[in-house]
Amino acid sequence: MPSHLFADRPAQPPEPGAVDALISQTRRLRGDVDAVRRDAVADEDDPQQRWQRALCDLAVHQLDDLGAHLGQLRAGVPASASLVDAAEEIDVPVDTAHATAPGTAYGVAAPPRTGSLLSRVGSAEWNLLTDEVSWSDELFQIFGRLHESGPMSLDEMPTMVFAEDQPVLQSMVTDCLIDGKPIDGEFRIVRTDGRVRTVHMTGEPVLDADGCTASMWAVLRDVSELRRSERTVRESRDSLERSRHIELTERRVAVELQEAVLPPWRGSLRFAHDGPAPLDVAAHYLPAASTGLIGGDWYDALALPDGDALLTVGDLTGHGVAATSSMAMLLGALRGMAVAGIRPAALMGHLNQLLETSGQPALGSAMCCRYDPVAQTLAWAHAGHPAPLLFRDGTGHTLRRPEGVLLGATTGAVYGEAETRLLPGDLLVLHTDGLTRGTGADDDTGTRRLLALGPRLAEARDAQDGVRAVVEEFGEESREDDACVMVVRVTRRA
């Protein structure tokens with residue numbers, strides 16, 4: 001079939017060595033992409049992985065087609081069987097679907113292939129002088145048309161084309177025959193077996209010696225699977241963008257909710273002025289460095305009606321709006337019960353019951369302390385939470401924990417309560433486990449690092465300086481979870 005503007009110009013075949021080199025490069029590249037595709041495990045719940053897998057499928061399709069075209073270019077214009085042999089020689093699949101065809105990431109199996117890659121490329125020529133029409137065997141396969149029915153004329157072809165695509169085909173053919181413009185466009189056809197295929201058509205007019213159009217040749221390529229792969233990439237990319245937008249929106253809402261719930265004060269805050277040893281309190285929230293997700297960590301310090309002070313830190317499992325909304329519910333209940341005079345151990349039992357009956361079940365750890373400024377005692381209870389660290393004269397130690405299981409872990413849990421006497425100059429560090437969490441359950445490296453800050457904390461001018469020392473030590477780490485730290489300094493009454 002002529003593939004040039006003038007019918008009397010002989011075709012120049014490519015040099016075999018150059019084509020062989022391109023085939024080798026394509027084969028190597030196809031193998032590399034296929035290896036990446038196999039490693040890209042598709043998680044249907046992860047839009048980014050679906051998008052990556054779809055891109056790999058599209059790249060494989062395109063490289064398969066490129067390899068097949070190069071094989072045909074090297075073989076010249078052989079018979080159909082030879083074309084298949086050429087495809088096999090460069091490791092191009094022949095009538096074999098990929099293990100993961102485009103669309104399977106969405107649970108939709110791709111339609112069966114129409115044959116080898118080369119069988120999806122056909123050619124045709126329409127002679128305007130003799131009305132003779134010639135179709136290649138591959139074009140009959142693409143249209144699902146029997147050879148006995150003969151090739152279709154340019155007037156007959158629109159009968160197999162989608163109604164809305166018929167103007168596209170007619171415009172391309174008219175521009176080619178009348179204005180001598182090359183053909184390059186796509187349209188959909190309904191095969192004789194009822195299957196819909198997308199066909200890409202390229203072609204040019206063939207001029208006679210007088211410059212008049214003698215015939216029109218065209219190459220028609222079944223690009224249905226390629227377009228399906230491209231559509232899968234677009235859909236997965238759109239899904240990824242929607243997922244990212246939702247994540248950003250949820251993060252913004254979670255941050256706003258957290259800021260609304262956590263104490264508004266910044267810097268040191270003084271509590272319990274009724275006794276000889278008031279408290280200087282400061283706290284800080286450290287977001288998760290590795291994920292940027294907002295969790296259910298909290299801290300709070302509250303002056304109670306009887307002159308005592310409430311000190312609390314805690315952490316709920318999960319991230320995002322669900323975790324911060326549950327945290328808001330729990331912290332609100334904690335504040336209310338503390339104001340009502342409920343002691344720390346009993347308060348923990350009520351929080352456990354509240355979390356059990358919540359519409360959003362979760363687990364949580366918590367620390368609740370009640371400081372009496374007159375007696376200078378700290379009564380505290382915990383629910384599966386790291387114990388407070390007490391620093392005195394530059395030396396720190398961990399307070400012995402009473403009994404206490406995680407909130408929401410079991411029904412009717414009983415919580416113990418401990419009491420510790422504090423002296424002016426003492427410094428307490430309360431924190432959530434995200435600050436000091438190690439690689440294993442027995443890894444206390446983080447706690448030992450906190451205790452090693454004793455000399456620096458002893459030199460702190462106020463609680464805010466103490467928080468700054470802790471943040472400088474732990475703030476730059478790539479934590480998988482967010483964390484809170486509260487520093488409480490016992491002062492002397494002026």
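Residues numbered from 1 in each chain as written. Predicted model: local features only at pLDDT ≥ 70, side-chain atom pairs only at ≥ 80, totals over all residues. Heavy atoms only, no water.

Participant: Just to check I follow, could you spell out the overall build of the protein chain for this structure?
Facilitator: The number of helices and strands found in the protein chain is 11 helices and 16 strands. Burial analysis of the protein chain (494 residues in total) assigns 46% to the buried set. Partitioning the contacts of the protein chain with sequence separation of at least 6, the portion at a separation of at least 24 is 65%. Total accessible area computed for the protein chain in this model is approximately 23600 Å², and 52% of it derives from carbon and sulfur atoms. (Helix = DSSP H or I, 4+ residues; strand = E, 2+ residues; numbered from the N terminus. Buried < 20%, exposed > 50% of the residue type's maximum accessible area, 1.4 Å probe, protein only. Contact = heavy atoms within 4.5 Å. Areas by Shrake-Rupley, 256 points an atom, 1.4 Å probe, with all protein chains shown as cover.)

Participant: Any chance you could explain the pairing of strand β7 (residues 279–286) here in plain terms?
Facilitator: Looking along a regular strand, one sees side chains alternate from face to face of the sheet. Across the eight residues of β7, seven count as buried, placing the element largely inside the fold. The pairing of β7 with strand β16 (residues 483–490) spans eight bridges and is antiparallel. Among the inter-strand pairings, Ala282 is bridged to a residue of β16, identified as Val487. (Pairing = 2+ DSSP bridges.)

Participant: What is the right way to look at the confidence of the model for the protein chain in this model?
Facilitator: When pLDDT drops low, the exact placement of atoms in the prediction is not to be read closely. In this model, the protein chain carries an average pLDDT of 80, and 80% of its residues clear a pLDDT of 70 or more. Per-residue pLDDT stays below 50 along residues 1–11; that stretch engages in 25 contacts with residues further than four places along the chain or on separate chains. Every residue in residues 77–118 scores below 50 in pLDDT, and together they form 86 contacts with partners more than four places removed in sequence or on other chains. (pLDDT = per-residue confidence, 0-100.)

Participant: Is there a simple way to explain the side chain of Arg370 in this structure?
Facilitator: Inspection of the secondary structure puts Arg370 in strand β10 (residues 364–372). On the basis of relative accessibility, which here comes to 7%, the residue Arg370 falls in the buried class. In this structure, Arg370 is in contact with Leu304, Asp306, Asp308, Ala309, Ala338, Gly341, Ile342, Arg343, Pro344, Thr377, Leu378 and Ala379, ignoring residues within four places of it in sequence.

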